[in-house]
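What follows is the residue order along each chain.
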Amino acid sequence: METDYNPMELSSNAGFEEDSEYKDIEGTDVKDMRLEAEAVVNDVLFAVSNMFVSKNLPCAEDVAFINVETRERNRYCLELTEAGLRVVGYAFDQADDGLQTAYHETVYSLLDSLSPAYREAFGNALLQRLEALKRDEQS
């Protein structure tokens, strides 16, 4: 069973849903996909060559596009929706409506499937974080 984990994340996301930017006027949860996309980029930027939210493709409450270049120098355009993330193009700012690729629940599983170098960088970051926790525990 695959578990998604961000080794750089130490604190819980408790209270995340309380942020006013994620609520509409009536108080029901609304996700702005551009904000979600920025969070995705910030989570994994350490493990890819380049990653940013597209400024050329339209972002809305229900969709955002992210450009990513892996450490292997492969470029992808990702679509982020409530269904998850998927590859929609093989160049920056390219969204091919005819491309049928699988959705991934998290950016971690998507990048894990695309980039062995991402997997290695993620594993190394996790190992470093665990070693730091062990040192802190021993002090």
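Scroll up for the structure.
What counts and how
Residues numbered from 1 in each chain as written. Predicted model: local features only at pLDDT ≥ 70, side-chain atom pairs only at ≥ 80, totals over all residues. Heavy atoms only, no water. Phe/Tyr/Trp six-rings, centres within 6.5 Å; stacked < 30°, edge-to-face > 60°. Helix = DSSP H or I, 4+ residues; strand = E, 2+ residues; numbered from the N terminus. Buried < 20%, exposed > 50% of the residue type's maximum accessible area, 1.4 Å probe, protein only. Lys NZ or Arg CZ within 6 Å of the ring centre and 35° of its normal. Core = buried A, V, L, I, M, F, W, Y, C linked by side-chain atoms within 4.5 Å. Contact = heavy atoms within 4.5 Å. Salt bridge = Lys/Arg side-chain N within 4 Å of Asp/Glu carboxyl O.

Enquirer: Before we go on, may I ask you to explain the packing of aromatic side chains in this structure?
Expert: Aromatic ring pairs are reported here in terms of the distance separating the ring centres and the angle at which the planes meet. Scanning all chains against the criterion turns up four aromatic pairs. Between Phe 52 and Phe 92, the aromatic rings sit 5.1 Å apart at their centres with planes inclined by 85°, giving edge-to-face as the arrangement. Taken together, the positions of Phe 52 in strand β1 (residues 50–53) and Phe 92 in the loop between β4 (84–89) and α2 (107–114) put the pair 40 residues apart, joining distant regions of the chain. Classification of Phe 52 by relative accessible area gives partly exposed; the value is 30%. Geometrically, the ring pair formed by Tyr 76 and Tyr 90 is edge-to-face, given 5.9 Å between the ring centres and 65° between the ring planes. In this pair, Tyr 76 sits in strand β3 (residues 75–81) while Tyr 90 sits in the loop between β4 and α2, placing the two residues 14 residues apart along the sequence. Looking at Tyr 76, the relative accessible area reads 9%, which means it is buried. An aromatic cluster of at least three residues, connected via ring pairs, comprises Tyr 108, Tyr 118 and Phe 122. In this arrangement the basic side chain of Arg 75 is found over the ring face of Phe 92, its NZ or CZ atom lying 4.1 Å from the centre.

Enquirer: Explain the nonpolar core here, please?
Expert: Nonpolar side chains tend toward joint burial in soluble globular proteins. Membership of the largest hydrophobic core comes to 25 residues, with the highest contact counts inside it found for Met 51, Ile 66, Leu 78, Val 107, Leu 111 and Tyr 118. Listed by contribution, the elements that provide at least two residues to this core are α1 (33–44), β1, β2 (64–69), β3, β4, α2 and α3 (116–138). Counting residues per element, this core draws most heavily on α1, which supplies five residues. For Tyr 118, the residues in contact, after removing those within four places along its chain, are Val 44, Ala 47, Val 48, Tyr 108, Leu 111 and Asp 112. Counting residues in each nonpolar core, the second largest holds five residues, with Val 63, Phe 65, Cys 77 and Val 88 among its members.

Enquirer: Help me out: how do you make sense of the pattern of salt bridges in this one?
Expert: Where side chains of opposite charge bring their charged atoms close, a pairing between them can arise. Summed over all chains, the structure comprises four salt bridges. Here Arg 73 ties to Glu 69 by a salt bridge, and the two come within 3.5 Å at their closest N and O atoms. For Arg 73, a relative accessible area of 57% puts it in the exposed group. The residue Glu 79 makes a salt bridge to Arg 86 at a minimum N-O spacing of 2.9 Å. Accessibility expressed as a relative area gives 12% for Glu 79, which makes it buried. Its relative accessible area of 11% is what places Arg 86 among the buried residues.

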